[in-house]
Amino acid sequence: MHGHSMGLPSFRRRALKLVLGLRLHLGNRRSLWLLLAGLLFLWNTALLWLNQAPLTFQCLNLLLWLGILISLEDQLQSLWPKPSRFSAFLGSWLLALVIVRGSLITNLDDKFLSLAPPLLILGLGLLNRPIADWGLFNKAILITSLWLFYTPVVLLLSWSLGPIASKLAAHLTWFLLYLLGFNASLSGQIVQLGSGSVGVIESCAGLEQITFLLFVALIFLAIFPMQKKKNILLILFSSFPIAFACNIVRLSLLAYFTSWPNSSGLSLFHFFHDSAGSQIFSLISASFFGYFYLLTLDRELRAS
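The model shown is predicted, which means the values in this text are computed figures rather than measured ones.

**Topic: helix α2 (residues 29–50)**
- Here α2 is 22 residues long and its end C-alpha atoms lie 31 Å apart, about the 32 Å a rise of 1.5 Å per residue gives.
- Following α2 by one or two positions, Gln52 adopts a phi angle in the positive range, close to 55°.

**Here's the deal with the sheet that holds strand β3 (residues 196–199)**
- Within the open sheet, the 3 strands sit side by side as β1-β2-β3. Their pairing is antiparallel. Where the open sheet ends on each side, the last strands, each with one partner, are β1 (184–187) and β3. Each strand of the sheet is rotated relative to its neighbour by a mean of 20°, with strand direction disregarded.
- With 4 bridges joining them, β1 and strand β2 (residues 190–193) adopt antiparallel strand pairing. Along β2, the bridge assignment pairs Leu186 with Val191.
- The strands that helix α7 (residues 150–179) touches are β1 and β2; relative to β1, the one it contacts most, it runs at about 165°.

**Re the pairing of β2**
- Of the two faces of β2, only the one carrying Val191 and Leu193 is buried; Ile190 and Gln192 on the other face are not.
- Connecting the antiparallel pair β1 and β2 is a turn made up of 2 residues, with Gly188 showing a positive phi of about 65°.
- The pairing of β2 with β3 spans 4 bridges and is antiparallel. The residue of β3 that forms the bridge with Leu193 is Gly196.
- The turn joining β2 and β3, which pair antiparallel and follow one another in sequence, is formed by 2 residues; a positive phi near 60° is taken by Gly194.

**A word on α7**
- The terminal C-alpha atoms of α7 lie 35 Å apart, and with 30 residues this falls more than 12% below the ideal 44 Å at 1.5 Å per residue.
- Its maximal kink placed at Leu161, α7 deviates by approximately 70°, while the proline Pro163 follows within four residues.
- Buried within α7 we find Tyr150, Val154, Leu157, Gly162, Ala165, Ser166, Ala169, Ala170, Thr173 and Leu177.
- Taken together, the buried residues of α7 touch α3 (55–73), β1, β2, α8 (207–223) and α9 (229–258).
- Phi for Gly181, located one or two positions after α7, is positive at around 95°.

**Quick word on the packing of α3 against helix α6 (residues 138–145)**
- Here α3 crosses α6 at 170°, and the two axes come no closer than 9 Å. Comparing the axis directions of α3 and α6 gives the class roughly antiparallel. In contact with Leu64, Gly67, Ile68 and Ser71 of α3, α6 contributes Lys139, Ala140, Ile143 and Thr144.
- Classifying every residue of the contact of α3 with α6 gives 4 nonpolar, 3 polar and 1 charged.

The rules behind the values
Residues numbered from 1 in each chain as written. Predicted model: local features only at pLDDT ≥ 70, side-chain atom pairs only at ≥ 80, totals over all residues. Heavy atoms only, no water. Helix = DSSP H or I, 4+ residues; strand = E, 2+ residues; numbered from the N terminus. Expected span 1.5 Å × (residues − 1). Pairing = 2+ DSSP bridges. Axes fitted to C-alpha atoms, helices over the stretch in contact; angles between N-to-C directions. Contact = heavy atoms within 4.5 Å. Buried < 20%, exposed > 50% of the residue type's maximum accessible area, 1.4 Å probe, protein only. Bend = angle between axes of the 7 residues up to and from the residue. Parallel < 35°, antiparallel > 145°, perpendicular 65-115°, else oblique. Nonpolar A, V, L, I, M, F, W, Y, C, P; charged D, E, K, R; others polar.

Quick look at the structure:
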């Protein structure tokens, strides 16, 4: 009883401190603006999830918002909202329209799904500053505008590199299995291993992973810019072999899982082919790329 009675005042003090802290933040315009930004992020994320967007889209959405957060982190002290009446009115109506229109989305073919993130950032910017004073949000707007180009870039790469990439991926998958000591064979674009096989079509050639890593590179360049053109080109073009190599490893694993007796590896095959397992390799390639980017940036800073 004595310990309980001694702990109660301490609990009350912590609760009172929490309430006072909440009241302080609720009276702080910057805290309210950041809270609104967080709620809009959750709404946008839920919108993609409820419409069963591909996991690549959902990961890219998280990556874009993370990039926006990092781009604004150093300017947190400058984010005190000072909108004009016109920008506050326009920003409020824009956010309201985006939420209403976005809530009506029922399928992935709705083009507004790609427009929602940039419009949300525009609305948040209008609620923070007049249009003429938007220097704080240049990087955030640049990063979120990348969302509009993701699908066109995937289609462009598929059109221009699809047939070549799928043939090259099939041959490299067979070659990797051969180097690892497996008795694999190649027929056209079908890699045969034991009783199982994997057909490497264009959608399996890793072009989406390449696009994903290319956008990671663009986000890195926006947040941590490089000055030398040769380093910028090196970073952009390095996304291709890194993503492609990770996809070759994934295809080799898929072929290996199909070779398990009695189809016992099919669950793992579907996990790494159709489910969240495929994104593991995107994250691995992003990790390798991030390390390479930091090395390149560090080398440039040392040389300057």
